[in-house]
Each structure stands twice: as C-alpha cells, then as structure tokens.
Amino acid sequence: MARGRLRIYLGAAPGVGKTYSMLSEAHRRVERGTDCVVAFVEHHSRPRTEVMLHGLEEIPRKELEYRGAVFTEMDIDAVLARRPQVALVDELPHTNVPGSRNAKRWQDVEELLAAGIDVVSTVNIQHLESLGDVVESITGVRQQETVPDEVVRRADQIELVDMSPQALRRRMAHGNIYQPDKVDAALSNYFRPGNLTALRELALLWVADRVDEYLNAYRSEHRVSAIWGSRERIVVGLTGGPEGRTLIRRAARLAEKGAGGEVLAVYISRSDGLTSASPKELAVQRTLVEDLGGTFHHVVGDDVPAALLDFSRGVNATQIVLGVSRRKSWQYVLGPGVGATVARESGPDLDVHLITHDEAGKGRGLPVAHSRLSRARILWGWLVGVLGPVLLTLLLTTAAPSVGLANDMLLYLSLTVAAALLGGLLPALTSAVVGSLLLNWFFTPPIHTLTIADPNNIVAIAIFIGVAVSVASVVDLAARRTHQAARLRAESEILSFLAGSVLRGETSLEELLERVRETFGMESVALLERVSDVEPWTCAGSVGPQPCQAPEQADVDMPVGEHMTLALSGRVLPASDRRVLAAFAAQAAVVLERQRLQEEADQAKELAEGNRIRTALLAAVSHDLRTPLAGIKASVSSLRSDDVEWSEQDRAELLEAIEAGADRLDHLVGNLLDMSRLQTGTVTSIVREADLDEVVPMALGGIPEDSVELDVPETLPMVYVDKGLLERVVANVVENAVKYSPAETPVLVKASSIADRVEMRVVDRGPGVPDEAKERIFEPFQRYGDSPRGAGVGLGLAVARGFAEAMGGTLTAEDTPGGGLTMVLSLPLAPGRRPGRPDLSAAATS
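Throughout what follows, the structure given in this document is the object of discussion. Starting afresh in each chain, residues are numbered from 1 along the sequence in its written order. In keeping with the predicted nature of the model, local features appear solely for residues at pLDDT of at least 70, side-chain atom pairs appear and are counted solely at 80 or more, and the whole-chain, interface and lining totals rest on all residues. With hydrogens and water stripped out, all remaining heavy atoms of the structure feed into the side-chain values.

### A word on a positive patch on the surface
As a reminder of what qualifies: Nonpolar side chains (Val, Leu, Ile, Met, Phe, Trp, Tyr) are joined into patches within 5 Å and like charges within 9 Å, using only residues with over 30% relative accessible area and no salt bridge. Per-residue and other accessible areas follow the Shrake-Rupley method at a 1.4 Å probe size, with only the shown protein chains counted as cover for residues. Put simply, a salt bridge is a Lys or Arg side-chain nitrogen that is within 4 Å of an Asp or Glu carboxyl oxygen. Charged residues are defined narrowly, with Lys and Arg counted positive, Asp and Glu counted negative, and His plus the chain ends left uncounted. Charge positions are represented by NZ for Lys, CZ for Arg, CG for Asp and CD for Glu. What counts as a helix is a DSSP run of H or I of at least four residues, what counts as a strand is a run of E of at least two, and both are numbered from the N terminus.
Together, R249, R250, R253 and K257 make up a positively charged patch on the protein surface. Mapping R253 onto the fold places it in helix α10 (residues 244-256).

This is the structure in structure tokens:
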C-alpha cells in the first residue's frame with residue numbers, strides 16, 4: 001500500500017489563517033470530486049472559520065473522560081474505517097488527552113499516512129521542537145506542545161500562510177481570533193509587534209531553507225550539474241595571502257547588487273597537509289567574511305581548480321571571484337595557473353571574475369615539508385639504524401652463522417623498518433646502507449670482501465636496498481602524517497572551542513587571554529596596542545604576573561595588524577605553535593573591538609537618555625508653567641481692576657485660585673530641580689520602590705473623578721520608579737485620554753503584572769489614531785487631527801514618554817478593541833520582587 005501524502009500549512013502565529021486556508025483547499029478538492037473529510041478541525045469560535053466547515057463531511061469525535069471532565073479527540077479508528085482519500089487534521093503538535101492511543105496528534109497522522117490516506121494539517125512555527133529556545137527568548141513563553149522538525153520536513157508539501165504583524169493585530173483587535181476578554185492580554189503580551197515580526201522572520205527563513213533543500217535534492221536526484229541561478233551565490237577562492245581581503249570585499253559588493261545574494265569563501269588545502277597559507281591571515285579573512293554575512297569553508301583537494309569548480313557547482317554558485325595570480329612571469333612555464341584553468345573549465349553557466357590586487361606578480365614560495373618527530377625518537381632511530389646492524393652482525397657471526405643469506409637480509413630489513421618507525425627517513429637510509437655493506441662483507445661470498453661472486457646475490461642485495469629505501473620512505477611518511485593528524489586534531493578542537501565561544505559572545509578579553517596562557521603554558525599574556533609607530537605601547541588587557549609592556553620584552557610576540565600585538569612571556573614557542581597562536585591573536589583583537597563597541601554603544605545610550613530627559617524638561621517648562629502662570633496673572637489682573645466691584649466671596653475665590661496656581665508652580669519647579677540635580681549626578685536616590693496604588697491616585701488629583709475609572713490592585717508588586725516623574729507621566733496620559741474620550745464614557749486606568757514588569761493601561765473610547773500616526777503623537781508640538789490651539793500645544797505625551805524612558809520604562813499606543821486608543825505604560829519591577837513568568841501558553845496556541 002502506497003504511503004499517503006502530507007500537506008502542511010505553516011504559519012508564524014495563531015490567527016494568520018492556516019485553518020481557513022486548509023478548509024478552502026478542502027472545498028476545492030471536494031468540487032473536483034475528491035473524497036475529503038474533516039477528521040479534526042477546531043474553529044475556536046471564529047465565525048469565518050466555522051462557516052467554512054459547512055458542506056464538508058465531519059467524522060464524529062471520540063469522547064474521553066479525564067479527571068472528572070469530558071474531552072473530545074480525533075477518532076482515528078473511525079477515520080481508518082471511513083478510509084477517505086484526504087483527511088483534514090488541525091493542530092499537528094496537539095497533545096492528546098491521556099487514555100488516547102497515541103500521546104501526540106502527529107503520531108495519529110503517521111497512522112493515517114501509513115494507511116495510505118492523504119492528510120492536510122496545520123502547524124505554527126513556534127511549535128517546531130528545534131526552535132523552542134529561540135521562541136522562548138523572543139516571546140518569553142515556553143511552548144509545551146511541540147512537533148519534531150523531521151515530521152514537518154518529511155511533508156510532501158509545505159505552504160506558508162503569511163500575514164504582516166500589523167494586519168494580524170488588527171484582526172486580533174476586531175475580535176476575529178480570540179474572545180473580547182482575552183484580546184487586551186494577547187495584544188500586550190504574545191502578539192506584540194516585535195514578537196510577531198521575529199516569528200514571521202523565523203517562518204520565512206525556515207521555509208526558505210526547506211525550499212533550498214528541495215532544490216538541492218531535485219538537482220541531486222536528477223543529476224543536474226548545470227548552475228541554476230535561482231539566487232546569486234558567489235564563491236571566493238582564497239589562497240591564504242593578503243589579497244583575500246580585497247577579494248572578499250569585492251564579492252560582497254557583487255552580492256549586494258542582487259536580491260538574496262550570498263558569499264561563500266573557500267580555502268583549498270592539499271591532502272598531504274602541506275600549505276603556504278598564513279594561518280593568521282586566514283583567521284582574519286574568516287572573521288571578515290562572517291562580518292559581511294558570508295560563510296567560510298575549508299576544502300581538501302590536490303587539484304585546486306577541479307576542487308574549486310566541484311565546490312562551486314555543488315553549492316549551485318553563479319559566480320567565482322579569484323585574484324590575479326601572484327606567480328612571476330617565468331613561473332607560467334610550469335602551467336597556466338589556477339585562475340586561467342578555472343575560467344577555461346567553468347563553462348557558460350558560471351562566471352569567473354579575476355580581480356587585480358597589490359600582490360599580483362610578486363611571486364609566492366613553495367611549501368616545504370619538515371619532520372615532526374621528537375628529538376628522543378630521532379636519537380633512538382639513529383642508534384637502531386647504526387648500532388643495530390653492527391650488533392646483529394656480531395650475533396649472526398657468533399651464535400647463528402648458518403641461517404642463510406635470505407634470512408640475514410630479512411633480519412637487516414627489520415632493523416631498517418624499526419629505524420624508520422623511530423627516527424624517520426634518514427636513520428632508515430643509513431641503516432639500509434650499513435646493513436647492505438655488512439651483508440656484503442660478512443655473509444655474501446666471497447666473504448670479507450666487497451665483491452660478490454654470484455650474480456644472484458647481486459640482485460638480492462639490490463632488491464634489499466630498494467625494499468629498505470621504499471619501506472623506510474613509506475613508514476616515515478606514515479609516521480609524519482600520523483603526527484600531523486594528531487596535532488591538527490588538537491588544533492581544530494582548540495580553534496573550534498575558541499571560535500564557538502567568541503561568536504556566541506561568551507568570552508571576554510581576560511578569559512580569552514587566560515585560555516592562551518593555559519593552552520601554551522605561559523607565565524603571562526598581554527594584548528598590546530599603540531596609536532602609531534612613534535607612540536608608546538599600552539596594555540589593553542593582560543593575565544598572569546608581570547605582563548610585558550612592550551613586544552621586545554616578550555619571549556613570543558604575535559602581531560595583529562599594524563599597531564597591535566599579543567605578547568607572551570615564559571618560554572619560546574616552536575614555529576608549529578604559532579599558527580594556533582595567530583588565530584588566538586586575531587580573535588583577541590575581535591573581542592577587544594567588540595568590547596569597545598559595546599562601551600561606545602552604552603555611552604551613546606546614556607547620552608541619548610540624557611538628551612531625552614533634557615528635551616522633556618524643556619517641554620515641561622514651556623507647557624506646564626504656562627497654565628498656572630496664566631491663571632495667576634488673570635486673577636491678579638481682576639483684583640487690581642477698578643472697573644469691577646468684587647464681592648468678598650469673589651475676592652476669596654480669586655485669591656484661592658492664585659494660591660492653587662502658586663502651589664502647582666512650586667510643586668512643578670521642585671520636580672524640575674530634582675531632575676536637574678539627577679542629571680548633574682548630585683542626587684542618587686530619586687529612583688526607588690513605589691506602590692502604584694499610592695502614586696496613581698495622587699496623579700489624578702486635578703482630574704474630575706467621574707471621568708476616570710480606576711482599577712489598580714493593591715496586590716501588585718512594587719515598581720522601581722521616580723514618584724514625581726511617574727505622577728507627571730500618569731497625569732499627562734490620563735489628561736490626554738479624558739480630552740478625547742466621550743463625556744459619558746469614563747477613561748479606564750488599570751494595571752497588571754506581566755513577566756518582569758508592571759503594565760498600566762489607560763483605555764479611552766475616543767476616535768482612535770491610525771497606525772501610521774501612533775508614533776507621531778509622541779513628538780513635540782503634535783496634536784492629532786489638528787486640534788484647536790485651546791486643546792494644548794501638543795507636549796503632554798512627549799513629556800510623558802521622555803519621563804517614562806528616563807525611568808527605564810516605555811510608553812506606547814495601541815488600538816482599543818471596539819474603538820479608541822490605549823496607552824500602555826510599562827515599568828520595571830523593584831529588585832528582588834520579580835515574580836516568575838506566568839503561563840501564557842494558552843494565548844500562544846491556535
């Protein structure tokens with residue numbers, strides 16, 4: 001029986017329309033005459049989805065009792081008995097009620113597929129098992145219901161159901177996804193614009209990777225070797241020379257000209273491990289290509305042009321970037337060079353760019369092989385190779401003089417092999433020469449002469465020498481390769497750990513330098529730098545006692561660029577260790593640069609916050625001082641007027657207005673002076689723990705009571721704010737809401753705890769604000785709808801946002817479900833009062 005086919009509708013978040021699309025596909029199939037049934041579809045009381053179920057056959061669900069409640073699940077036996085062509089199964093990651101045949105719904109789907117039934121299902125990107133940690137870091141919610149990635153990857157068709165975050169939030173605000181009582185919580189938590197944008201990017205990238213896999217699988221299955229330019233992939237051939245940086249930057253510029261361009265830098269080394277590449281330069285080029293968004297690859301191949309073309313065709317590249325050869329003119333006698341060969345063999349579907357650079361035509365050296373055996377092994381090899389044949393000759397002439405010439409040769413040959421294993425090629429060759437002379441003198445007739453009477457013995461001696469030299473060469477090569485492999489493995493483990501920790505941002509400069517000190521067994525390590533060649537060296541970071549203050553004081557120094565070096569003291573390193581040390585030095589420079597960029601970013605953030613506060617202070621002076629001053633002036637002018645005869649009651653009211661305006665000015669000036677002191681650093685205890693249920697009522701003192709409905713529970717955790725600033729924020733926001741809300745509808749002010757913050761929402765039922773104007777209303781001197789001048793100068797919300805951000809909070813605007821505007825003020829909890837994250841998984845499932 002043929003296995004059924006699986007089609008999956010993948011979405012970035014609940015409510016994008018996966019189930020609706022699945023039901024639409026079912027209607028199309030039914031119209032074409034396909035036997036299609038609904039095995040399990042949950043419409044979640046969404047009217048449009050519920051309507052789409054009309055006209056489709058539904059398999060009755062199976063009822064299961066669990067903990068005194070009755071639940072319904074898909075009746076897999078009924079579906080198998082009905083045996084339709086296509087079954088609709090919603091929510092693939094769903095966990096079945098205990099007592100069901102399978103623990104997960106995707107396991108039920110596997111049974112249907114095994115029975116030859118095609119299945120159409122739905123999945124949200126956050127339910128993929130491999131993305132659990134990523135989704136939790138974005139949304140703060142850990143998904144409990146997941147499906148293995150392999151189950152989704154094996155699907156015959158995956159269709160992305162996409163929707164912009166703004167459209168999805170509008171759909172949510174209109175009540176098309178959740179019930180009205182859950183809309184506010186969903187919009188302010190899981191369905192925030194940032195969360196939805198990140199989830200949408202995850203979904204798009206995941207589907208793009210699957211499409212790439214399908215394309216590569218198709219090309220491999222149909223043996224397509226031609227380049228399909230679905231998107232620009234540019235391969236950069238690196239030699240380890242300094243021209244590589246120029247090639248990488250040129251390739252990056254080429255990639256920017258096409259949509260979805262990708263850069264792949266590849267370094268091809270010989271299979272014998274011999275190379276003339278600079279490890280330090282390769283490390284710098286790896287960092288450069290990764291910083292530019294590309295990838296670095298290391299390929300082994302003796303035929304460099306063929307390996308480069310095979311790699312390019314394997315990754316479906318469209319262009320190759322190579323540097324003009326560094327060979328001198330006379331060296332072209334040896335061959336046309338890599339660039340010319342690649343250009344000739346690339347074919348019409350692969351463009352080759354030859355880039356000029358400063359190193360062109362300056363020549364390049366050839367790699368030289370060096371022995372990697374220790375001194376002790378070499379010494380033992382010489383002893384066995386020279387003294388061994390002498391001792392063997394004494395043994396054979398005294399204890400076993402008649403074992404035969406053939407056996408004598410094998411014994412001498414074994415000594416040659418032993419010398420090769422211990423000391424390498426030269427001791428083995430010496431052993432072969434000494435052994436052949438001793439064989440000729442003592443065991444080949446006529447003995448005690450260097451002449452040979454029997455021609456057969458001449459052939460035997462010649463074969464012995466040839467076999468000895470061949471075996472010695474092979475054994476020496478194998479010994480060197482074994483040593484090289486062990487060393488390269490250790491180096492790769494070190495570099496892999498180093499690169500992984502640095503790229504993940506887990507390593508500080510001091511930790512990296514300590515790792516260098518431990519790896520190479522040094523006493524101290526210092527990273528030195530200077531501004532120019534004439535400036536003195538300064539220490540950017542060091543570990544260990546008495547670090548070097550200049551490169552000339554170090555036992556080992558590794559330059560990093562022109563004005564930076566890694567200085568080590570303790571012992572002199574062999575040349576073979578400098579390759580790994582160069583990688584450490586390059587990474588140290590990267591870590592130092594990252595730390596300084598982070599420090600600059602922190603300083604810029606502090607300056608930006610200071611500018612925001614100063615702007616808010618100036619706005620407050622121009623906006624909030626004007627009203628009480630105008631009231632005082634009007635009252636004083638009235639009292640001084642001779643045209644009106646004021647009664648005692650009128651005089652008392654005017655004096656009371658003057659006093660109230662003066663008190664308001666005094667209170668405001670006090671707050672402004674406190675903020676000024678805070679800016680100059682003379683006040684350190686402005687921000688402290690506070691209860692919202694105490695601060696908010698004080699902020700609403702000047703607002704009519706019947707115009708505001710307050711819902712601030714006393715059980716809320718304390719927040720970490722400046723009380724004076726918080727009063728100003730709340731007063732301005734509520735005043736703005738009351739101004740635009742209908743007179744008969746009070747403004748709702750409510751607060752709740754969300755994760756590690758407290759959110760206060762000011763909800764009005766006014767005309768609302770379009771999405772494109774939501775940020776503009778926070779700008780100074782902006783009044784939405786061009787309100788008349790009497791409505792204010794448009795600084796209230798700008799002041800409120802400036803003060804909110806100065807306290808580490810945020811102030812944003814959202815649509816009120818049903819019409820209106822909701823201002824969301826998010827404040828940090830007081831230290832030590834941060835509760836655990838609430839379970840919001842119910843708001844994140846479809």
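### As for the sheet that holds strand β22 (residues 757-763)
Put simply, the test is: The rule for pairing is simple: two strands pair if DSSP sees at least two bridges between them. As a rule, the C-alpha atoms of each element are fitted with a line to give its axis, helices using only the stretch in contact, and angles between N-to-C directions run from 0 to 180 degrees.
The mixed open sheet is built from five strands, whose spatial order is β19-β21-β22-β24-β23. Each of the sheet's edge strands pairs with one partner strand only, and the pair in question is β19 (708-711) and β23 (810-815). For this sheet, the mean angle separating the axes of adjacent strands, direction not counted, is 20 degrees. Inspection of the sheet shows β22 paired to strand β24 (residues 821-828) by seven bridges, in the antiparallel sense. Note that in β24 the partner of R761 across the bridge is V824.

### Digging into the packing of aromatic side chains
Our working definition: Think of it this way: a Phe, Tyr or Trp ring, Trp meaning its six-membered ring, pairs with another when their centres are within 6.5 Å, and the plane angle makes it stacked under 30 degrees, edge-to-face over 60, tilted otherwise. Whether a charge lies above a ring is judged from NZ of Lys or CZ of Arg, which has to be within 6 Å of the ring centre and within 35 degrees of the ring normal.
Counted by the stated rule, this structure contains zero aromatic pairs. When the ring centre of F40 is taken as origin, the NZ or CZ atom of R61, which lies over that ring, is 4.0 Å away. Above the plane of the ring of F40 lies R105, whose end atom (NZ or CZ) is 3.9 Å from the centre.

### Observations regarding a nonpolar patch on the surface
Stated formally: Each residue gets one of three labels from its accessible area relative to the maximum for its type: buried under 20%, exposed over 50%, partly exposed in between, using a 1.4 Å probe on protein chains only.
Judged by side-chain polarity, L379, W380, W382, L383, V386, L387, V390, L391, L394, L421, L422 and L426 come together as a nonpolar surface patch covering roughly 1,100 Å² of accessible area. When residues of the nonpolar patch are traced back to their parent elements, those giving at least two are α14 (375-398) and α15 (405-423). With nine residues, the single largest contributor to the nonpolar patch is α14. Within the secondary structure layout, L383 lies in helix α14. The class for L383 is partly exposed, based on a relative accessible area of 36%.

### A closer look at the sheet that holds strand β15 (residues 538-543)
The four strands lie next to each other as β15-β14-β17-β16, forming an open sheet whose pairing is antiparallel. What marks the edges here is a single partner per strand, and that holds for β15 and β16 (556-559). Across the sheet, the axes of successive neighbouring strands diverge by a mean angle of 20 degrees, strand direction being ignored. With five bridges connecting them, strand β14 (residues 524-529) and β15 associate as antiparallel partners.

### Side note on the pairing of strand β6 (residues 86-89)
Quick reminder of the rule: By the criterion used throughout, a crossover qualifies as right-handed when its path from the first strand across the helix to the second strand runs clockwise, the strands pointing away from the viewer.
Alternating residues of β6 divide into V86 and L88 and A87 and V89, and every residue in both groups is buried. Relative to β6, strand β2 (residues 36-40) is paired through four bridges, and the arrangement is parallel. Among the inter-strand pairings, V38 is bridged to a residue of β6, identified as L88. The pairing of β6 with strand β7 (residues 118-124) spans four bridges and is classified as parallel. Within β7, the residue paired with A87 across the bridge is V119. Taking the sense of rotation as the criterion, the β-α-β connection linking β6, helix α4 (residues 105-114) and β7 turns out right-handed.

### Quick word on the nonpolar core
Basically, it comes down to this: We define a nonpolar core as any set of buried Ala, Val, Leu, Ile, Met, Phe, Trp, Tyr and Cys residues linked to one another through side-chain atoms lying within 4.5 Å. Residues are treated as being in contact if the distance between any of their heavy atoms lies within 4.5 Å.
Counting residues in each nonpolar core, the largest one holds 64 residues, and the members touching the most others are L88, L112, I125, F191 and W206. Examining the composition of this core, we find that six residues originate from one element, helix α9 (residues 193-221), more than from any other. Sequence-distant contacts of L88, defined by excluding residues within four places in its chain, comprise M22, L23, A26, C36, V37, V38, A39, F40, V41, L56 and V120. Ranked by size, the runner-up nonpolar core spans 42 residues in total, among them A699, V730, V758 and M760.

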